[in-house]
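# Notes for the structure review
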Amino acid sequence: MLTLETISDVSRFMALESEWNALAERFQTPLLRHEWFAACLKAFASGKDLAIFAAFEDGRLRAAAPFVIDRGALVPKLAALGHESTEPGGFIYADNAALDLVAQAVLRHGLPVMIPRLRVESPELRALRVNTGSRGVWLMRSGNTATAALPLGCDFKTFESRMARAHRSNIRRRLKLAGNDGPVSFEILSPNEADVHRHLREVYEVEASGWKSRTGTAILNDPRIERFCTEIATWGARAGILRICFMRIGAKAAAAALLLEYAGRLWVLKQGYDERWSACAPGILLAQESIRYACDKGLVAFEFLGAAEKFQTRWPIELTVYSRLRFYPLSLRGLAAFCDDACRLPFNHLKARWRSRSGSLSEFIRPAAKTSVKDP
């Protein structure tokens, strides 16, 4: 028989690591592992109460919906744990019965709910909608944010043949241009835990050397993001799945990226480049070499993560589309939260537009017409 527990104690959550990861393994993504949420908790949850809705059967974890109670607005709300990372979220579950139980618990809690990126038509979304009843109203903005991925499973020569000739030519031209300033080299490192912090410092400095610093989106602009990336990188190094990539022109790092090699895929956590070499597009050149590495390793996909960007359409990407979800209970608290969010929306929209025009990741960039959309 399934039983429900609302976990508010951090030590209780930490003790579930092995059970959590055994359940998360079926989803084949690092974004749902216990280490991911533990890093989110350390980086982003200061001043917030943990609220993980967990289903158990005979003492075994069968489902979990990770949230925190955020009291930063006029009305407290349940916010998806780690939404500040801007990456897609979700629940872990063994079956639909366990998923339904934790979805019901989220809705019964009585607070407004905020889930920024949940896959369109996902089982989690189905469970939340089916179990809503007369408890409240969901507002969903579907299709306004997507993540790009590259199917691989082939050698690099075959992969390159799938790219448009103009894009292949452009990359060769940019690489030649970069060589005018000095010898071009690429590194893909798998640092151990003892060395990881030395390499991270160089990655952070490269990532902050351009527009990301000006728009306030660089890792070093936000101590929370820096703490989160460092926690994830440290875990990745300890587990042997961290990859730190550099493109160098002479002795200088022109581009850098943090990636995880997990479940047969290469996942891009952070990337950036030094604007001194923007004419040769070092970020694109480094991405191309990272894709070459993934092909050589026989990986099945290259996951860009973040929000899909126009530059990614030079490769044969597929998109996974997500919804932004807000739930407002039918109560005075729900009405107050709705009014508060409605007042904040124009400001948030303008801020996102400004960042988009400054060159940052943008939910407003539309994919190219021929780009396929992955079935949920």
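Because the structure is predicted, anything quoted here is derived from the model rather than measured. (Residues numbered from 1 in each chain as written. Predicted model: local features only at pLDDT ≥ 70, side-chain atom pairs only at ≥ 80, totals over all residues. Heavy atoms only, no water.)

Moving on, we get to a nonpolar patch on the surface. Where nonpolar side chains cluster on the molecular surface, the patch consists of Val137, Leu139, Leu330, Leu332, Leu335 and Phe338 and spans about 610 Å² of accessible area. For the nonpolar patch, the secondary-structure elements that each account for two or more residues are strand 7 (136-151) and helix 12 (332-357). It is helix 12 that contributes the most residues to the nonpolar patch, 3 residues altogether. (Patch = residues over 30% accessible without salt bridge, like charges linked within 9 Å, V, L, I, M, F, W, Y side chains within 5 Å. Areas by Shrake-Rupley, 256 points an atom, 1.4 Å probe, with all protein chains shown as cover. Salt bridge = Lys/Arg side-chain N within 4 Å of Asp/Glu carboxyl O. Helix = DSSP H or I, 4+ residues; strand = E, 2+ residues; numbered from the N terminus.)

Our next topic: the packing of aromatic side chains. Where two aromatic rings form a pair, the distance of their centres and the angle of their planes describe that pair. Under the defined criterion, the tally for this structure stands at 14 aromatic pairs. For the ring pair Tyr328 and Phe338, a centre distance of 5.4 Å and an interplane angle of 85 degrees mean the geometry is edge-to-face. A residue pair is termed long-range when its members are at least 10 positions apart, and Tyr328 in strand 13 (residues 318-329) and Phe338 in helix 12 qualify at 10 residues. Residue class for Phe338 comes out partly exposed when judged on its relative accessible area of 39%. Of the aromatic side chains, those joined through ring pairs into one cluster are Phe302, Phe304, Phe311 and Trp315. The ring of Tyr322 carries the charged tip of Arg117 above its face, separated from the ring centre by 4.9 Å. Between the NZ or CZ atom of Arg248 and the centre of the ring of Phe246, over which it lies, the distance is 4.6 Å. (Phe/Tyr/Trp six-rings, centres within 6.5 Å; stacked < 30°, edge-to-face > 60°. Buried < 20%, exposed > 50% of the residue type's maximum accessible area, 1.4 Å probe, protein only. Lys NZ or Arg CZ within 6 Å of the ring centre and 35° of its normal.)

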